[in-house]
Protein chains: 2
Amino acid sequence: MADTKVYRASTFAPVNIAVIKYWGKRDAKLNLPTNSSLSVTLSQDDLRTHTTASCSPAYQSDSLLLNGASQDISGARTQACLRELRSLRKTLEDSDSSLSPLSTYPLEIVSQNNFPTAAGLASSAAGFAALVRAIANLYQLKSTPTELSRIARQGSGSACRSLFGGYVAWEMGKEEDGSDSVAYEVAPASHWPEMRAIILVASAEKKDVSSTSGMQATVKTSTLFNERITNTVPKRMEEMKKAIAERDFASFAALTTKDSNSFHATCLDTDPPIFYMNDTSRAAIAMVEAINANAGKTIAAYTFDAGPNAVVYYLAEHETSVLAPFKAILQAKDGWEGARGQSVTSSPLPAEPEVAASRLRNGISRVILTSVGEGPIKTDESLIDELGETVA
Amino acid sequence: MADTKVYRASTFAPVNIAVIKYWGKRDAKLNLPTNSSLSVTLSQDDLRTHTTASCSPAYQSDSLLLNGASQDISGARTQACLRELRSLRKTLEDSDSSLSPLSTYPLEIVSQNNFPTAAGLASSAAGFAALVRAIANLYQLKSTPTELSRIARQGSGSACRSLFGGYVAWEMGKEEDGSDSVAYEVAPASHWPEMRAIILVASAEKKDVSSTSGMQATVKTSTLFNERITNTVPKRMEEMKKAIAERDFASFAALTTKDSNSFHATCLDTDPPIFYMNDTSRAAIAMVEAINANAGKTIAAYTFDAGPNAVVYYLAEHETSVLAPFKAILQAKDGWEGARGQSVTSSPLPAEPEVAASRLRNGISRVILTSVGEGPIKTDESLIDELGETVA
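Remember, it's a predicted structure, so these values are computed and weren't measured experimentally.

Q: Help me out: how do you make sense of the overall build of chain A in this one?
A: Within chain A one finds 10 helices and 16 strands. The globule rule puts the C-alpha radius of gyration for 392 residues at 21 Å, and the 21 Å found for chain A is close to it. Across chain A, contacts joining residues at least 24 apart in sequence account for 75% of those joining residues at least 6 apart. On chain A, roughly 15,400 Å² of surface is accessible, and the fraction owed to carbon and sulfur atoms is 49%.

Q: How do you make sense of the pattern of salt bridges when you look at a structure like this?
A: Opposite charge on two side chains makes pairing possible when the charged atoms of those side chains draw close. A complete count under the given rule lists 27 salt bridges over all chains for this structure. The shortest N-O distance in the salt bridge between Glu84(A) and Arg150(A) comes to 3.2 Å. Remark: Arg150(A) occurs in helix α3 (residues 145–155) and Glu84(A) occurs in helix α1 (residues 76–95); sequence separation between them is 66 residues. Arg282(B) is the partner of Asp279(B) in a salt bridge, and the nearest nitrogen-oxygen pair spans 3.3 Å. On the criterion of helical spacing, the pair formed by Asp279(B) and Arg282(B) is a turn pair, its members being three residues apart in helix α7 (residues 279–295). With a relative accessible area of 10%, Asp279(B) lands in the buried category. Where salt bridges share partners, they join Glu171(A), Glu238(A) and Lys241(A) into one cluster.

Q: Hey, could you run me through the environment of Ser210(B) in this one?
A: All names here are of chain B. Counting through the fold element by element, Ser 210 comes out in the loop between β12 (195–202) and α4 (211–221). In sequence terms Ser 210 and Lys 242 are 32 residues apart; their C-alpha atoms lie 32 Å from each other. A polar side-chain atom of Ser 210 sits 3.1 Å from a polar atom in the side chain of Ser 213.

Q: Help me out: how do you make sense of the relation of the copies chain A and chain B in this one?
A: Two copies of a chain can be linked by a rotation about an axis combined with a shift along that same axis. The transform that puts chain A on chain B rotates by 180 degrees and translates by 0.0 Å along the axis, for an RMSD of 0.0 Å. The two molecules are tied by a two-fold rotation axis, judged by turn and shift. Every residue of chain A has its C-alpha some distance from the rotation axis, and the shortest such distance is that of Ala265(A), at 2.1 Å.

Q: What is the right way to read the sheet that holds strand β15 (residues 364–371) of chain B from this model?
A: In any sheet, the strands associate via hydrogen bonds between backbone groups, in a parallel or an antiparallel arrangement. Residues and elements named next belong to chain B. In space, the four strands of this open sheet follow the order β13-β14-β12-β15, with antiparallel pairing throughout. The sheet is open, and its two edges are formed by β13 (300–303) and β15, each paired on a single side. Shown here is a sheet whose adjacent strand axes are inclined to one another by a mean of 20 degrees, direction ignored. Its contacts with the sheet put α7 on β12, β13, β14 (310–315) and β15, and the angle it makes with β13 is roughly 165 degrees.

Q: Help me understand the packing of aromatic side chains in this model?
A: The description of an aromatic ring pair uses the distance of the two centres, along with the angle that the planes make with each other. Residue and element names in this part refer to chain A. Within the structure shown, the criterion is met by 18 aromatic pairs over all chains. Taking the centre distance of 5.6 Å and the plane angle of 80 degrees together, the rings of Trp 192 and Phe 252 count as edge-to-face. A residue pair is termed long-range when its members are at least 10 positions apart, and Trp 192 in the loop between β11 (183–187) and β12 (195–202) and Phe 252 in helix α6 (residues 249–268) qualify at 60 residues. Following the ring pairs from residue to residue traces out a cluster consisting of Tyr 167, Trp 192, Phe 249, Phe 252 and Tyr 313.

Q: Got a minute to help me understand the interface of chain A and chain B in this structure?
A: Interfaces are often sized by the accessible area lost when the parts come together. At the interface, 30 residues of chain A touch 30 residues of chain B. Summing the contributions of chain A and of chain B, the shared interface buries around 2,500 Å²; its carbon and sulfur component is 55%. Summed over the shared surface of chain A and chain B, the number is zero salt bridges. The interface formed by chain A and chain B includes five residue pairs in polar contact (both at pLDDT 80 or more). Listed by contribution, the elements that provide at least two residues to the side of chain A that touches chain B are α5 (225–245), α6 and α7 (279–295) of chain A. For the side of chain A that touches chain B, the element with the highest residue contribution is α6(A), accounting for seven residues. Broken down by class, the residue content of the side of chain A that touches chain B amounts to nine nonpolar, seven polar and 14 charged.

Q: In this structure, what is going on with the side chain of Arg228(A)? I would like to understand it.
A: Residue and element names in this part refer to chain A. Its location among the elements puts Arg 228 in helix α5. Taking the relative accessible area as the measure of exposure, Arg 228 reaches 0% and is therefore buried. A polar contact is formed between the side chain of Arg 228 and the side chain of Asp 259, at a distance of 2.9 Å.

Q: Before we go on, may I ask you to explain empty space enclosed by the protein in this structure?
A: Gaps between atoms show up when a probe of the same size as a water molecule is rolled over them. Overall, the coordinates contain two cavities of 30 Å³ or more when judged by the stated rule. In this structure, the largest cavity encloses a volume near 220 Å³. Looking at the largest cavity, it is lined by 18 residues, and the ones nearest its centre are Leu268(A), Phe275(A), Met277(A), Leu268(B) and Phe275(B). Every element with two or more residues in the lining of the largest cavity is listed here: α6 and α7 of chain A together with α6 (249–268) and α7 of chain B. The residue inventory of the lining of the largest cavity, partitioned by class, reads 10 nonpolar, four polar and four charged.

Q: In this structure, what is going on with the packing of α1(A) against helix α2 (residues 123–138) of chain A? I would like to understand it.
A: Angle between the axes and distance between the axes are the two parameters that describe a pair of packed helices. All names here are of chain A. Axis separation between α1 and α2 bottoms out at 10 Å; the angle between their running directions is 20 degrees. Classified by the angle between their axes, α1 and α2 sit roughly parallel to one another. For the pair α1 and α2, the crossing hand works out as right-handed. Packed against α1, whose contacting residues are Thr 78, Cys 81, Leu 82 and Leu 85, the element α2 presents Phe 128, Leu 131, Val 132, Ile 135 and Ala 136 at the interface. When the residues that make up the contact of α1 with α2 are grouped by side-chain class, the tally is eight nonpolar, one polar and no charged.

Q: Can you help me understand the sheet that holds strand β6 (residues 48–55) of chain B in this one?
A: All names here are of chain B. Overall, mixed pairing links the six strands, which are arranged β8-β7-β9-β6-β1-β16 in an open sheet. A strand with exactly one partner marks an edge of an open sheet, and here the two such strands are β8 (69–71) and β16 (377–379). Along the sheet, successive strands turn relative to each other by an average axial angle of 25 degrees, direction set aside. As defined by bridge partners, strand β1 (residues 7–14) adjoins β16 across three bridges and the pair is classed as antiparallel. Its bridge partner being in β16, Ser 10 is matched across the sheet by Thr 379. The strands that helix α2 (residues 123–138) touches are β1, β6, β9 (107–113) and β16; relative to β1, the one it contacts most, it runs at about 145 degrees.

Definitions and cut-offs
Residue numbers here run from 1 along each chain, matching the order of that chain's written sequence. Chain letters start at A and ligand numbers start at 1, both assigned in the order the entries are written. Local features in this predicted model are restricted to residues whose pLDDT is 70 or higher, and side-chain atom pairs enter the listing and the counts only when it is 80 or higher, whereas totals over whole chains, interfaces and linings include all residues. Note: side-chain values were computed over all heavy atoms of the structure, leaving out hydrogens and water. Each helix is a run of H or I in the DSSP string that is no shorter than four residues. Each strand is a run of E no shorter than two, and both are numbered from the N terminus. We compute the radius of gyration over the C-alpha atoms and compare it with the globule rule, which gives 2.2 Å times the number of residues raised to the power 0.38. Any pair of residues with heavy atoms lying within 4.5 Å of one another is described as a contacting pair. Per-residue and other accessible areas were derived by the Shrake-Rupley procedure at a 1.4 Å probe size, with only the shown protein chains allowed to occlude residues. Just to be clear on terms, a salt bridge is a Lys or Arg side-chain nitrogen sitting within 4 Å of an Asp or Glu carboxyl oxygen. Burial classes follow relative accessibility: with a 1.4 Å probe on protein chains only, a residue under 20% of its type's maximum area counts as buried, one over 50% as exposed, and anything between as partly exposed. Counting of polar contacts relies on pairs of N or O atoms within 3.5 Å, with two restrictions inside protein: one atom must be capable of donating a hydrogen and the other of accepting it, and residues adjacent in sequence are counted only when both atoms are side-chain atoms. Alignment of the copies relies on least squares applied to C-alpha atoms, considering only residues that score at least 70 for pLDDT in both. A pair of strands is labelled paired if DSSP reports no fewer than 2 bridges between them. Note on definitions: angles span 0 to 180 degrees between N-to-C directions of axes, and those axes are lines fitted to C-alpha atoms, for helices only across the stretch in contact. A pair of aromatic rings is counted whenever rings of Phe, Tyr or Trp (Trp by its six-membered ring) have centres within 6.5 Å, and the orientation is called stacked for planes under 30 degrees apart, edge-to-face for over 60 and tilted otherwise. Summed over both partners, the accessible area lost on bringing two parts together, with a 1.4 Å probe, is the buried area. Here the term charged refers only to Asp, Glu, Lys and Arg, the term nonpolar to Ala, Val, Leu, Ile, Met, Phe, Trp, Tyr, Cys and Pro, and the term polar to all other amino acids, Gly among them. A cavity here means a set of points on a 1 Å grid, drawn over the protein atoms and nothing else, where a 1.4 Å probe fits but cannot get out; a pocket is an open set with protein on both sides within 12 Å along at least five of seven lines, and a residue lines either one if it has an atom within 4 Å of a point. Grid points are joined across faces, edges and corners, and a volume is the space filled by probe spheres set on the points. Roughly parallel means an angle under 35 degrees; roughly antiparallel, over 145; roughly perpendicular, 65 to 115; everything else is oblique. Handedness of a crossing follows from how the near helix is turned relative to the far one, being left-handed for an anticlockwise turn of less than a right angle and right-handed for a clockwise one.

Now the structure itself:
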């Protein structure tokens, strides 16, 4: 009788939102970046990917199911991750003949996000981090998260940062083979656990330019880009690490907003220009500026990825001052349910920026309240049963 | 009996729209720029300031009436222009005792624009050019336009370019006193008379940041700005002069759009960020890109000053291809009257950019059809009568 055993391992993995942005590849195949970046890992209570990896000699071929839909895994990026992980497993098997030859079995991977796909959040980071972490668990690899980050990076650049919790840096590295282009923990979530975020999810609008093609166009055509990667970002990386080490929110905020704007400036300087922010994004910026002005100090920092969603970081102690003005405008939207949102009063700013309220009401579909969180978490909750069937 | 003679001289002066942008002062008092710039002077049939300068020993004090409203002329900029012009006149008077001492008489200046003030067009350029030109005429100065440009620059930087027709460069200069920061003609309008422009005038929205304070904030805070002024613009200035010399529209257009985007990129990289373009501007850009895609070559180029108005340059031979798609969307707006607009058919693009039509219809209040034009033109049409009274 043929071996039909199904091997399984599951993990949760987090989303991360960069405060020093990744934009530009020096090697598109290996996802090697033109600059280092730094992110905050967000709590998996609010945003996470749940992935089960399994393998069995009974499976016919590799497969990936994401949110119930079968995915094409023939792409070079997914293949690179699977190849590297199998290679590490093979090394283990070669050194220990008691190990089953999992590296030779087809893989079945099932993945689910706990947040709406339409939200336009960078789900590929959590997705590839979860995929790599789940297979590494399945293969019982001894690799450190930093070692795995080298693999996850090849799936999606920013995925390498989702292998850690807290405050995470991705060093660009110098080697041509990308061996030193890896992520590491700058500080655990417990170092500065008061960090909070509200995400203003913009109403679905077709994204003009994918981040992959967008960043390559910037590298090729922006005359200002080289200054950003050569001088601006390296300096900010060091300043940001210091701000985090010292839990200095004002510096953290200044660097976060400046770096987001710098990144979008190089997008605008691309030929043809790339616009990820829109008038709704501008209204969110105006609100953050007004919230800080009202507080008389910097208590909120905005950042935008390759899309119009605003992520606003703030500290727990300023939750009411930051959230109440947004709630006054957006209380009819989803996302305020739950202890954090329900406990916040709705209170407009004494001087609300012109047209900000109407633009946000028209342009924002929901809010997500979250905070700094942990890295991938192993779980026994499996999305695949012992027979290899997907759990509905 | 006291001398009560009223001396008068009048001029028309044009608006200019830069294709290589002026943004940043190295000396705020003298309006000395951080980079050279280059503009196209627009036809005075469509946009002009009409100014009469007069002086008389009977006048009580210097005064300026703009579009019927009395203006404060005590500002350092206006005072610098008046002082410099009086000084030149004084030199003439000192060398020729037969000349009346006009330099000692109070000045009365009356000015009118033929375009709506609400249009948010850079009327200060035409305004100061007309003021300087009219007073120079009144004083019968022998100064060349380039010499006068040094004076107009102190009123409003870009005004120095409105002392010429056609294609005009403003060299930033090197001297601390600004003596070499002057404008000159790169090519007369007759060199490339086919240049046309449609201005999409955005609905009035309060400008967040004046260009004067905005450019100083950029100089101080943008980390990308130095690259723009040191390398990007000097290279583009030379390329733009070559494109104009060779009447190479594709190069002219590429440089124009890139430099507009570069300028706005440094605005976005300013802390706090400055946004002059909005979603309506983005829709105009999308339309220009679609018009070029539809033509299979570059026949239109957009540029934005410190506001959301789009200026789209094109050549006469492509008037229908460029204007018809805009007319299909904006035919209900003012500005299509007159031979040029009326003769254009309204014809939508085969593939109109998503939401462009609705955004333009909501965001654009009127269009202005214009073309490259001449420099200041002396006129006998006086806005002040022989008694010193304003002509209604």
